[in-house]
Amino acid sequence: RRRRHLCREVMGRAICAGGLLLPLTVSGELSHAEGVISSFDASTRWRIVSLDPVIYGWALGELRLFSDAFCSPEAELTGKVVAEAPEDESGALVVSFEASGSYGASQPANAFDGMPWTEWRAECFSCEPGEAWLGVTFSEAVHVRCIQLLQWGEDEYRTTSVSLQRWEAPTNDGTAGFWERVLRGSDLDSGRGETV
């Protein structure tokens, strides 16, 4: 597995492409990382967005989210999912899945089911950059610092660049909620697992 990313927070520093270390500001934001607007705060909603045009609809076989920067198996969040259940006796985080849209029977939950031969496929036929996305909502706020994805299809069915985004909820003072970019992965391929 190859690691493709721009920057990620590890022990108070941002590790960027090429091994470059950047200090983090007091708030946890990357101080000099171009293209990343991130505080790495916990959130209940997370999504991955295709940053490239995808001609025939983006297809993801699997998407996994992790709470550490190394995608350690014990830090996997999506391995603990239970869709549409109010609670789970095992202590798993209960989630729901959402997407920009789905084509046919390829629903969002297919990308989180642990079966790479199933898939979620974006509804858009000719997806513009930022149009196709797949997300998950947790029952409590979690930190996501690493993702693994498996794309199906070649060229026109895949993206080479994604963004992991967290939802910043609206505040009591009337500030609207917004999606904030946390990680960016580039040079992604299909047919094998990629780590961002």
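Reading guide: rules and limits
Residues numbered from 1 in each chain as written. Predicted model: local features only at pLDDT ≥ 70, side-chain atom pairs only at ≥ 80, totals over all residues. Heavy atoms only, no water. Phe/Tyr/Trp six-rings, centres within 6.5 Å; stacked < 30°, edge-to-face > 60°. Helix = DSSP H or I, 4+ residues; strand = E, 2+ residues; numbered from the N terminus. Buried < 20%, exposed > 50% of the residue type's maximum accessible area, 1.4 Å probe, protein only. Lys NZ or Arg CZ within 6 Å of the ring centre and 35° of its normal. pLDDT = per-residue confidence, 0-100. Contact = heavy atoms within 4.5 Å. Patch = residues over 30% accessible without salt bridge, like charges linked within 9 Å, V, L, I, M, F, W, Y side chains within 5 Å. Areas by Shrake-Rupley, 256 points an atom, 1.4 Å probe, with all protein chains shown as cover. Salt bridge = Lys/Arg side-chain N within 4 Å of Asp/Glu carboxyl O. Disulfide = S-S within 2.5 Å. Core = buried A, V, L, I, M, F, W, Y, C linked by side-chain atoms within 4.5 Å.

A. Main features of the packing of aromatic side chains. Scanning all chains against the criterion turns up four aromatic pairs. Ring geometry for Trp-58 and Trp-120: centres 5.8 Å apart, planes at 80 degrees, overall edge-to-face. Of this pair, Trp-58 sits in the loop between β4 (43-50) and β5 (59-66) while Trp-120 sits in strand β8 (residues 120-121), and the two are 62 residues apart along the sequence. For the pair Trp-58 and Trp-120, one class covers both residues: buried. Arranged with centres 4.7 Å apart and planes meeting at 20 degrees, the rings of Phe-97 and Phe-112 form a pair that is stacked. With Phe-97 in strand β7 (residues 94-99) and Phe-112 in the loop between β7 and β8, the pair connects residues that are 15 residues apart, well separated along the chain. Pair check on accessibility: Phe-97 and Phe-112 agree, each one buried. Taking the ring centre of Trp-167 as reference, the NZ or CZ of Arg-45 above it sits at 5.0 Å. The side chain of Arg-47 reaches across the aromatic face of Trp-133, ending 5.0 Å from its centre.

B. Summary view of the confidence of the model for the chain. Summarising the model, the chain shows a mean pLDDT of 74, and 68% of its residues fall at 70 or more. Element-level pLDDT for the chain is lowest in strand β3 (residues 21-23), with a mean of 35, against a maximum mean of 93 in β4. Low pLDDT, under 50, characterises residues 1-7; the predicted model gives this stretch 40 contacts beyond four residues in sequence or across chains. Under a pLDDT of 50 for its full length, residues 9-39 has, in the predicted model, 63 contacts with residues more than four places off or in other chains.

C. View of a nonpolar patch on the surface. Taken together, the side chains of Ile-55, Tyr-56, Phe-125 and Tyr-157 make up a nonpolar region of the molecular surface, amounting to roughly 390 Å² of accessible area. Take Tyr-56: it is sitting in the loop between β4 and β5. Its relative accessible area of 36% is what places Tyr-56 among the partly exposed residues.

D. Focus on the pattern of salt bridges. As enumerated under the stated definition, the model contains five salt bridges in all. Notably, a salt bridge pairs Arg-64 with Glu-76, separated by 3.8 Å at the nearest N-O pair. You can see Arg-64 sitting in strand β5 and its partner Glu-76 sitting in the loop between β5 and β6 (82-83), a full 12 residues away along the chain. Of the charged contacts, one joins Arg-166 and Glu-180 as a salt bridge, the two residues approaching to 2.7 Å between their closest N and O atoms. Remark: Glu-180 occurs in strand β12 (residues 178-185) and Arg-166 occurs in strand β11 (residues 162-168); sequence separation between them is 14 residues. Under the relative-accessibility criterion, Arg-166 is labelled buried at 3%. When its relative accessible area of 10% is taken as the criterion, Glu-180 is described as buried. It is possible to trace a salt-bridge network through shared partners that takes in Arg-166, Glu-168 and Glu-180.

E. Main features of the state of the cysteines. Scanning the entire structure with this criterion turns up two disulfides. In this model Cys-71 forms its disulfide with Cys-146; the gap between the sulfur atoms is 1.9 Å. Disulfide Cys-71 to Cys-146: torsion about the S-S bond roughly -95 degrees, handedness left-handed. Of this pair, Cys-71 sits in the loop between β5 and β6 while Cys-146 sits in strand β10 (residues 146-151), and the two are 75 residues apart along the sequence.

F. Region of the structure containing the nonpolar core. Ranked by internal contacts, the top residues of the largest apolar core, which has 31 residues, are Trp-46, Ile-48, Trp-58, Leu-65, Phe-138 and Ile-147. Contributions of two or more residues to this core are made by β4, β5, β7, β9 (133-142), β10, β11 and β12. When residues of this core are assigned to their parent elements, the largest contribution, four residues, is made by β9. Apart from residues no more than four positions distant in its own chain, Leu-65 is found in contact with Trp-46, Ala-75, Glu-76, Leu-77, Thr-78, Val-136, Phe-138, Val-144, Cys-146, Ile-147 and Leu-164.

G. The arrangement of the environment of Phe-66 in detail. Structurally, Phe-66 is set in strand β5. The spacing of Phe-66 and Gln-148 is 82 residues in sequence and 8.3 Å in space, taken between C-alpha atoms. Not counting residues up to four positions away in its chain, the partners in contact with Phe-66 are Cys-71, Ser-72, Pro-73, Ala-75, Glu-76, Leu-77, His-143, Val-144, Arg-145, Cys-146, Ile-147 and Gln-148.

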